[in-house]
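Chain residues, written in single-letter form:
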Amino acid sequence: MSDDFIETIWAQYAVETEEHIEGIEALLVRADGGELSAEEISSLFRAFHSLKGLSRVMELGALEAVTHRSEDLLGLVREGTATLDKPTVDLLLRALDAIKVLRDKAVAERADGDKPVDLVKELEAAYRQVQSGGAVAA
């Protein structure tokens, strides 16, 4: 592939991921102050899903891991198994912070960052907790 083509792909990745991140942040901030509609929760889920797919295509495993686990947790919210309560929103906002850092590194350096292992484990634990009938720990 030509260098121009690769640069075009990275530029598109940068724009698309920024749009998804801005949408996620706006919805999570709204959720932190009140309840989101089912449509808004679906939009939030789709934004994380899109980030996951874009990151997979660009072979950014760390970013994909965080977005995937966030998407899993939001899937339970979307299904009605979990609520988008304060602890869940706080966890997803922390995941979004990690996503921003990883995305910025990827766009600037064309490279994957270090997977935030503890955060991914925390997202996985929250998912398992909610799936078994509990709530996300504060």
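Residues numbered from 1 in each chain as written. Predicted model: local features only at pLDDT ≥ 70, side-chain atom pairs only at ≥ 80, totals over all residues. Heavy atoms only, no water.

*Asks:* With reference to specific residues and values, describe the packing of aromatic side chains.
*Replies:* Using the criterion set out here, one finds one aromatic pair in the structure. Arranged with centres 5.6 Å apart and planes meeting at 80°, the rings of Trp-10 and Tyr-13 form a pair that is edge-to-face. Residue Trp-10 and its partner Tyr-13 are both found in helix 1 (residues 3-33); the two are separated by three residues, about one turn of the helix. Accessibility expressed as a relative area gives 9% for Trp-10, which makes it buried. (Phe/Tyr/Trp six-rings, centres within 6.5 Å; stacked < 30°, edge-to-face > 60°. Helix = DSSP H or I, 4+ residues; strand = E, 2+ residues; numbered from the N terminus. Buried < 20%, exposed > 50% of the residue type's maximum accessible area, 1.4 Å probe, protein only.)

*Asks:* Any details on the confidence of the model for the protein? Residues and values, ideally.
*Replies:* Of the residues in the protein, 99% reach a pLDDT of 70 or more, and the chain-wide mean stands at 94. Per-element confidence in the protein is highest for helix 4 (residues 86-109), whose mean pLDDT is 97, and lowest for helix 1, whose mean pLDDT is 94. (pLDDT = per-residue confidence, 0-100.)

*Asks:* Tell me about helix 2 (residues 38-57), residues and numbers included.
*Replies:* When the terminal C-alpha atoms of helix 2 are compared, their 29 Å separation across 20 residues agrees well with the 28 Å that a helix rising 1.5 Å per residue should span. Among all positions of helix 2, only Glu-40, Ile-41, Ser-42, Leu-44, Phe-45, Ala-47, Phe-48, Leu-51, Lys-52, Leu-54 and Ser-55 are buried. (Expected span 1.5 Å × (residues − 1).)

*Asks:* Which residues make up the side chain of Glu-64, and what values go with them?
*Replies:* Among the secondary structure elements, Glu-64 is positioned in helix 3 (residues 61-79). Setting aside residues up to four positions removed in sequence, Glu-64 forms contacts with Lys-52, Ser-55 and Arg-56. (Contact = heavy atoms within 4.5 Å.)

*Asks:* Can you explain the environment of Ala-31? Please cite residues and give values.
*Replies:* With respect to the helices and strands, the residue Ala-31 is situated in helix 1. With 68 residues separating them along the chain, Ala-31 and Ile-99 place their C-alpha atoms 19 Å apart. Those residues within four positions of Ala-31 in sequence are excluded, and the remaining contacts are Leu-36, Leu-84 and Val-89.

*Asks:* Account for helix 5 (residues 117-131), naming residues and giving values.
*Replies:* Here helix 5 is 15 residues long and its end C-alpha atoms lie 21 Å apart, about the 21 Å a rise of 1.5 Å per residue gives. All of the buried residues in helix 5 are Leu-119, Val-120, Leu-123, Ala-126 and Val-130. Projected down its long axis, helix 5 shows its buried positions confined to an angular sector of 120°, all on one face. Buried positions along helix 5 lie against helix 3 and helix 4. Just past helix 5, the residue Gly-133 takes up positive phi, approximately 100°. (Arc of directions from axis to C-beta.)

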